[in-house]
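Structural overview for review
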2 protein chains.
Amino acid sequence: MKQSLASKITPRNALDSFKTICAKTGIKATHQRLQIYDEMVKANDHPTAEILFERLREAMPTLSLDTVYRTLATFEQHHIIKRVKTDRHKTRYEAKMNRHHHFICQECETITDFNWSSFDKDKLPEEVQRLGTIIDHSITVSGICRDCTTNRD
Amino acid sequence: MKQSLASKITPRNALDSFKTICAKTGIKATHQRLQIYDEMVKANDHPTAEILFERLREAMPTLSLDTVYRTLATFEQHHIIKRVKTDRHKTRYEAKMNRHHHFICQECETITDFNWSSFDKDKLPEEVQRLGTIIDHSITVSGICRDCTTNRD
DNA sequence: CTAAATGCAAAATTTTTGCAGTCCC
DNA sequence: GGGACTGCAAAAATTTTGCATTTAG
């Protein structure tokens, strides 16, 4: 996989680096985008567009939900963030761009990242490579998280 | 993973076996469910609820889309079919219940199944097992399929 | 300046729900 | 017969779009 622009950026210098990302991708560094990106980098809970909107609204009362949607779509196109595939309908997003995998709780919908470096080193089977050009791949584990298991009747 | 009820059923005897599935799961074997299940077993293109509805409508003019949604939800609850996670909004479904993985074309949204038995034999890392009870897991590969690569300008 | 981005409102898309009637077990 | 299921219509939920205005480069 191609090294992504955002992969070297830590929360600490996210705001400083965002202008560089914009310069490289050719998108404009607006106030809204800056804030949305910052919030995405801080978030480790794979928020939906709506959740992100609620978080940002406090500091930006005039922000509109459609701008959040449009911005996230733009970020995704430029590989600044990723969509996360879940079984549910609401699309969720993450700014963590290095390779990792997801555990998704079927009960509470919490998404937890995990690493599996020995898997990451493996090549995908020939059969898959023949299907086309591979851009990305990851493992999704679905189950019931510890919290939900404990809290069950 | 627990062996699913539908996994031994081939298209040939799908209709015959559907009543058995219903008996085991305790759901009623209605005409609509029979037809929807049959269509799902025949389909190898991971259709959406709407596409399935269109296919069935010819033979069942009074079928309604909400019944298709409700039926697919019921089937999913009883592990008769699975939802397929895609980046896009429309939920897609499949009746192939044995372990396999997906290649999803980012251009045409075609989902192609592939097998990777050596991966399937591996245990997930300890780190993941600690997150909770694992129900299922699979690999999603995203890329551009051969057809889309060829047809590009 | 100018093309791109935003906010507002309205629409489009996808999925769910209430209810009255129908059908399986 | 009784509870589960269906169809209809209407609503809910999620995402997208058109347009006038504002803003970054």
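Everything quoted here is computed from the prediction, not taken from an experiment.

Turning our attention to the overall build of chain A. Along its length, chain A carries 7 helices and 5 strands. Sequence-ordered secondary structure for chain A, helices as α and strands as β, is α-α-α-α-β-β-β-β-α-α-β-α. In chain A, which comprises 153 residues, the share counted as buried stands at 47%. In chain A, the share of contacts with a sequence separation of at least 24, taken over all contacts with a separation of at least 6, comes to 48%.

Right, let's talk about the protein's contact with DNA strand D for a bit. Near DNA strand D there are 21 residues, and of these Tyr69 and Lys90 of chain A together with Gln32, Arg33 and Asp66 of chain B occur at the shortest range. Within 4 Å of the protein, the contacting atoms of DNA strand D are drawn from sugar and phosphate to the extent of 67%. In the environment of DNA strand D, a phosphate oxygen lies 2.7 Å from a nitrogen or oxygen atom belonging to the side chain of Thr67 of chain B. Contributing elements (two or more residues each) for the surface near DNA strand D: helix 4 (65–77) of chain A together with helix 2 (31–42) and helix 4 (65–77) of chain B. No other element matches the 4 residues that helix 4 of chain A contributes to the surface near DNA strand D. Taken together, the residues of the surface near DNA strand D break down into 5 nonpolar, 8 polar and 8 charged.

Per the stated rule, a full pass over the model turns up 11 aromatic pairs over all chains. With a centroid separation of 4.9 Å and an interplanar angle of 25°, the aromatic rings of Phe18 of chain A and Tyr37 of chain A are classed as stacked. Linking Phe18 of chain A in helix 1 (residues 14–25) with Tyr37 of chain A in helix 2 (residues 31–42), this pair joins segments that are 19 residues apart in sequence. Residue class for Phe18 of chain A comes out buried when judged on its relative accessible area of 0%. Through pairs of rings, three or more aromatic residues link up here, namely Trp116 and Phe119 of chain A together with Trp116 and Phe119 of chain B.

Rules and cut-offs
Residues numbered from 1 in each chain as written. Chains lettered and ligands numbered in written order. Predicted model: local features only at pLDDT ≥ 70, side-chain atom pairs only at ≥ 80, totals over all residues. Heavy atoms only, no water. Helix = DSSP H or I, 4+ residues; strand = E, 2+ residues; numbered from the N terminus. Buried < 20%, exposed > 50% of the residue type's maximum accessible area, 1.4 Å probe, protein only. Contact = heavy atoms within 4.5 Å. Near = heavy atom within 4 Å. Polar contact = N/O pair within 3.5 Å; in protein donor to acceptor, adjacent residues only side chain to side chain. Nonpolar A, V, L, I, M, F, W, Y, C, P; charged D, E, K, R; others polar. Phe/Tyr/Trp six-rings, centres within 6.5 Å; stacked < 30°, edge-to-face > 60°.

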